[in-house]
Amino acid sequence: MPLLEIDNLSVSVVHDAIETPLVRGISYEVSTGEILALVGESGSGKSVSSLAIMGLLASALRVKHGSIKFEGHDLLVQSDEQMRQIRGRDISMVFQEPMTSLNPVRNIGSQIMESIEENLGLTRKQAKTRAIDLLKEVGVADAERRLKQYPHHFSGGMRQRVMIAIALAADPKLIIADEPTTALDVTIQAQILDLMSRICREHGTAMILITHNLGIVARYAQRVNVMYGGRIVEAGRARDLYAAPRHPYTEGLLQSVPRLDQDRSIPLRPIQGSPADPFAEISGCRFHPRCPYAEPICRSKAPEFEGGLACHFPLSQSAKEAV
Amino acid sequence: MIAYIIRRLIGAVLVMLAVATLVFFMIRLVPGDPIAAMLADSGSPEAREALIRRLGLDQPLLVQFWRWFTGVLQGDFGASLYGSNQPVADILMTALPKTLSLALLSFIIAIAIAVPAGIVSATRKNSAADVGVSLFAFLGLSMPDFWLAILLIIIFAANLQWLPAIGYAPMSEGFWEWLQHLILPAIAIGTGFSAIIARMIRSSMLEVLQADYMRTAASKGLTHRVMLLRHALPNAMIPVITVVGIAFALLISGAVVVENVFSIKGLGRVLIQGIQNRDYPVVQGAVLLVSAFFVLSNLIVDLLYVVIDPRIRYS
C-alpha cells in the first residue's frame, strides 16, 4: 500500500457561486520514504493540491471530487479534529516564504517546541532537548542559545532551516515542501535541498517537493509529476523525464533552463505565451495555445492521461513527423 | 533601555513645563475673573481692591507666573482662591483616587468586552456574532456616555434599585461598597471605548489571520484556541496597544461629564468647578495632573511595545 494515494482529485475556487476548477482530476501516489517532485508554473495547481492534502485550503477553495488516501484512510472524510491530529504528527509542511512563515513575536524555541509538545506529548524539558537536537540536525550552530532568539535574528536560509526543524518535530511520515528554496539565494538553495533529501533518507520520510524549477528536480526526486493547467501532463522517473521528455511542455521546461550536461552553444528556448489562466476558457488540451506541435485535434479534444502522459502527440513521435 | 527611559522622562518633564506655562496663561484668557465670581455684583470697589491685593492678582502677570511656577517646581501648587483656601495638592489628592478607580474599572470593562468581542467577530467574520458585535460597536460609539449614564441610573438605580445612583465609597469601606458605586459610571464610560477597541482588534485580527505564520501554526496541528491566543492575538495587539494607551489617558479626562452625572467628586468635578469659579490654581493643578497621565501612559505604551514585539528595541 502506498503511503499517499491521490485519486482523481479536483479542487475549485468558488467566487460569487461561480466555480472555477484549479485542479482538474489528478491522481498520483507517494511511497514510504520516496521523494516525489511536483513541477509546474505558477497557477498549475501544484500548491493547491498539496494544501488539500493538509486540509488547509483557503475557505474559497473546495475539493469537488476525488480522494486523498493516507495509509489507506481518506483524508477528505476525516473530521476537523482528526485532520488536526494528522497535521504535524503524520504530515507536515515546509513553506515557500521563510521570511514570513515564522511568528515574528515568538522565539524560535517556542515555535519548535509547541509542535513537539502537541504532537509527541513530551514535557517542556524533553521538548527543549529535542528542539536543540533538531536545530543541530538542520545545521543551526549554537542551537541552545538560538532557541531564545526571534525570527528577525535569522537570515532567510537559517529561517528555512528552522522551518524544516519544525516540520521534523514529530518525525512525520510525509513532508510537503512547497517551493522551499524559491525565496532563497541561489547559493543557499542547494544547501537546503541537500539537507532535506538527507533528512528524508535518514528518517525514512517521504517528501513531496513542489517546485517550478525542473532543473533542481533530477538530483533530488526519484519521480516527477509535471503539472500544467491543473492536470498532470507527464509523470515518470526523474531520470527518464530529464533524458527524454515526452510532453512538449516538459521539453519546453527543460529547454528554458541551462543544463550542465549539454553543449553550451545551444540557446535557451523559453516557452512562448503565459501560463494557462484558470479563469479562461481553453478548449481541448490546455497547453495547445503555447504548444509548437499543436494539431487541430489538440484544440478540440483534451488528451486522456494514459501511461504517464497526457498528449495526443507524444514527443518522440511528433518530433519525427516534424523532420 | 535605561538610557532611553531616562531620556523619555526628561522629555516628559519638558512637556509638563510647557503645559504648565500654557495653562497658566490660557486660563487667564478666559473672560471673567475670580473676583467677579466671588463677589458677584455685591462687592464695593474697596472690597474688590482688597481682595485682588490679598490674592496677589494685582501683581504683573509675569510676576504671578514666576511665583506659581517656582512653587510648582518645589511641589507647591498653591491654594484654592475659595473658602478655606485649601491647598491645591490636597484637593487633587482627594479627587484622584476616585477618578483613578473609575478610569481603571472602565478600562477593565472596556478590555473585558473588547478583546473577546473583537476575536469572535474576526474569527467568525460575517456571522451573526460578528453582526451583533458590529451593532454593539455602532451603538456604543453613537451613544454619548452621559446619556448611557442616565439610562443606567434609570434602569438599575431608580427602577430595579439594585445599585446606588450617586456618590462614591472608598475601597476602605469594602470592595463591594466601592464596586457598587462605581460599576454604573464605569459601564457608561467603558462601553464607548470597548466599541472602538473591539473594532480595532477585529480589523487587526482579520489581517493577522491571513498571515503566513498562521498557516505554519495550522500545519503543526495546533488547536484553534492555541493558534488564536498564542499566535494571532499577540500580533494583532501590536497596533491596538497604541490606541489602548491613549484611551486610558482619555478615560481620565473623559470621566469629567460622567462624574458629574453620578455626583462623584473626582478630578472632573474639580476641574469643572475650578473653571466655573475661575479658581486659577485649582485649574492649573488639575490640568497638569491630567497631562501627566497622558505623558505617562504614552511612555508606558512605548515600553509595552518592547514586551510584546521583540523586533522593537530602544537605545
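Residues numbered from 1 in each chain as written. Chains lettered and ligands numbered in written order. Predicted model: local features only at pLDDT ≥ 70, side-chain atom pairs only at ≥ 80, totals over all residues.

Asks: Can you explain the overall build of chain B? Please cite residues and give values.
Replies: On a plain count of helices and strands, chain B comes out with 12 helices and 0 strands. When the elements of chain B are put in sequence order from the N terminus, they spell out α-α-α-α-α-α-α-α-α-α-α-α. For chain B, the spread of C-alpha atoms along the three principal axes comes to 85 × 55 × 35 Å. Sorting the 315 residues of chain B into buried and exposed places 35% on the buried side. (Helix = DSSP H or I, 4+ residues; strand = E, 2+ residues; numbered from the N terminus. Buried ≥ 20, exposed ≤ 12 C-beta atoms within 10 Å, placed from the backbone.)

Asks: Tell me about the overall build of chain A, and please be specific about residues and values.
Replies: Counting secondary structure elements, chain A contains 12 helices and 10 strands. Taken against the 2.2 N^0.38 rule, which gives 20 Å for 323 residues, the C-alpha radius of gyration of chain A at 21 Å falls within 12% of a compact globule. (Rg over C-alpha atoms; globule rule 2.2 N^0.38 Å.)

Asks: Tell me what's going on with the sheet that holds strand β7 (residues 174-178) of chain A, and back it up with residues and numbers.
Replies: Residue and element names in this part refer to chain A. In space, the 6 strands of this open sheet follow the order β6-β7-β8-β3-β9-β10, with mixed pairing throughout. Where the open sheet ends on each side, the last strands, each with one partner, are β6 (91-94) and β10 (231-237). Taking each pair of neighbouring strands and ignoring which way they run, the sheet shows an average axis angle of 20 degrees. The pairing of β6 with β7 spans 4 bridges and is classified as parallel. For Val94, the partnering residue across the bridge sits in β7 and is Ala177. Helix α1 (residues 46-54) rests against β3 (35-39), β6, β7, β8 (206-211) and β9 (223-228) of the sheet, and its axis sits at about 150 degrees to β7. (Pairing = 2+ DSSP bridges. Axes fitted to C-alpha atoms, helices over the stretch in contact; angles between N-to-C directions. Contact = placed C-beta atoms within 7 Å.)

Asks: Give me the interface of chain A and chain B: which residues, what numbers.
Replies: Contact residues are listed per partner, giving 24 residues for chain A and 18 residues for chain B. Put simply, the parts of the chain that give the side of chain A that touches chain B at least two residues each are α2 (80-86), β6 and α3 (108-120) of chain A. For the side of chain A that touches chain B, the element with the most residues is α3(A), which contributes 4 residues. A breakdown of the residues in the side of chain A that touches chain B according to their chemical character gives 9 nonpolar, 9 polar and 6 charged. (Nonpolar A, V, L, I, M, F, W, Y, C, P; charged D, E, K, R; others polar.)

Asks: So what about the domain arrangement of chain A? Which residues, and what values?
Replies: Residue and element names in this part refer to chain A. Taken domain by domain, chain A comprises domain 1 (4-90 + 172-322) and domain 2 (101-171). Each of domain 1 and domain 2 was reduced to a C-alpha centroid, and the two centroids are 30 Å apart. Among the elements that make up the side of domain 1 that touches domain 2, the one with the highest residue count is helix α7 (residues 186-203) (7 residues). Here the side of domain 1 that touches domain 2 is composed, by residue class, of 10 nonpolar, 3 polar and 1 charged. (Domains from an automatic or database assignment.)

Asks: Go over α3(A), please, and point to the residues and values.
Replies: Residues and elements named next belong to chain A. Taking 1.5 Å of rise per residue, 13 residues should cover 18 Å, and α3 covers 18 Å from first to last C-alpha, within 8% of that figure. Of all the 13 residues making up α3, 11 are buried; the element is thus mostly covered by neighbouring parts of the structure. For α3, the full list of buried residues reads Ile108, Gly109, Gln111, Ile112, Met113, Glu114, Ser115, Ile116, Glu117, Glu118 and Asn119. Directly beyond the C-terminal end of α3, a positive phi value near 65 degrees is found at Gly121. (Expected span 1.5 Å × (residues − 1).)

Asks: Let's hear about the confidence of the model for chain B: which residues, and what values?
Replies: Residue and element names in this part refer to chain B. The pLDDT averaged across chain B works out to 86; a share of 98% of its residues lies at or above 70. The least confident element of chain B is helix α2 (residues 34-39), whose mean pLDDT is 74; the most confident is helix α9 (residues 212-219), at 94. Taken together, the chains of this predicted complex give a pTM of 0.82 and an interface ipTM of 0.88. (pLDDT = per-residue confidence, 0-100.)

Asks: Quick one: what's the story with the sheet that holds strand β5 (residues 73-74) of chain A, residue by residue and with numbers?
Replies: Residues and elements named next belong to chain A. Strand order across the open sheet formed by 4 strands is β2-β1-β4-β5, with antiparallel pairing between neighbours. Across the chains shown, the open sheet's two edge strands, defined by having one partner strand only, are β2 (18-30) and β5. Strand direction decides the pairing type here: strand β1 (residues 4-15) and β2, joined by 10 bridges, are antiparallel. By the bridge assignment, Leu4 is partnered in β2 with Val30.

Asks: I'd like to hear about the domain arrangement of chain B, residue by residue, with values.
Replies: According to the domain assignment, chain B contains domain 1 (39-76) and domain 2 (89-308). Relative placement of domain 1 of chain B and domain 2 of chain B: their C-alpha centres are 39 Å apart.

Asks: Quick rundown of the packing of helix α5 (residues 88-123) of chain B against helix α12 (residues 280-308) of chain B? Include the residues and the values.
Replies: Residues and elements named next belong to chain B. Relative orientation of the contacting elements α5 and α12 amounts to 50 degrees, with a least axis distance of 9 Å. The angle between α5 and α12 falls in the class oblique. Seen from above, α5 lies across α12 with right-handed handedness. Packed against α5, whose contacting residues are Val88, Ile91 and Leu92, the element α12 presents Pro281, Val282, Gly285, Ala286 and Leu289 at the interface. Residue composition of the contact of α5 with α12, by class: 7 nonpolar, 1 polar and no charged. (Parallel < 35°, antiparallel > 145°, perpendicular 65-115°, else oblique. Left-handed = near helix turned anticlockwise from the far one by under 90°.)

Asks: So, unusual backbone geometry: which residues are in play, and what are the values?
Replies: A positive phi angle, close to 50 degrees, is found at Asn8(A), a residue other than glycine. Within the fold, Asn8(A) resides in strand β1. A positive phi is found at Arg278(B), a non-glycine position, where the angle reads about 55 degrees. The topology assignment puts Arg278(B) in the loop between α11 (267-277) and α12.

Asks: Tell me about the packing of α5(B) against helix α6 (residues 128-142) of chain B, and name the residues and values.
Replies: Residue and element names in this part refer to chain B. Two elements in contact, α5 and α6, have axes separated by 8 Å at closest approach and are oriented at 135 degrees. Between α5 and α6, the interaxial angle falls into the category oblique. Viewed along their axes, α5 and α6 form a crossing whose handedness is left-handed. Across from Ala117, Val120 and Ser121 in α5, the residues of α6 making contact are Ala129, Asp130, Val133, Ser134 and Phe136.

Asks: Tell me about the environment of Met1(A), residues and numbers included.
Replies: Residue and element names in this part refer to chain A. Relative to the helices and strands, Met1 resides in the segment before β1. Its 9 C-beta neighbours within 10 Å are what place Met1 among the exposed residues. Along the backbone, Met1 and Arg237 are 236 residues apart, and their C-alpha atoms lie at a distance of 19 Å.

Asks: Can you break down the pairing of β3(A) residue by residue, with the values?
Replies: Looking along a regular strand, one sees side chains alternate from face to face of the sheet. Residues and elements named next belong to chain A. Buried residues dominate β3, accounting for 5 of its 5 residues. Residues Ile35, Ala37 and Val39 line one face of β3 and the alternating positions Leu36 and Leu38 line the opposite face, and both faces are buried. Bridge count for β3 against β8 is 5 bridges, and the pairing is parallel. Bridged to Leu38 within β8 is Ile210. Taken together, the 4 bridges between β3 and β9 define a ladder with parallel strand orientation. Within β9, the residue paired with Val39 across the bridge is Val226.

Asks: If you had to explain α1(A) to someone new, which residues and values would you point to?
Replies: Residue and element names in this part refer to chain A. Of all 9 residues that make up α1, 8 are buried, and the element is covered over most of its length. Where α1 is concerned, the buried positions are Lys46, Ser47, Val48, Ser49, Ser50, Ala52, Ile53 and Met54. Of the residues trailing α1, Gly55 is marked for its positive phi of about 70 degrees.

Asks: Explain the environment of Asp302(B) to me, and be specific about the residues and the numbers.
Replies: Here Asp302(B) lies in helix α12. Residues Asp302(B) and Met143(B) lie 159 residues apart in sequence; the distance between their C-alpha atoms is 31 Å.

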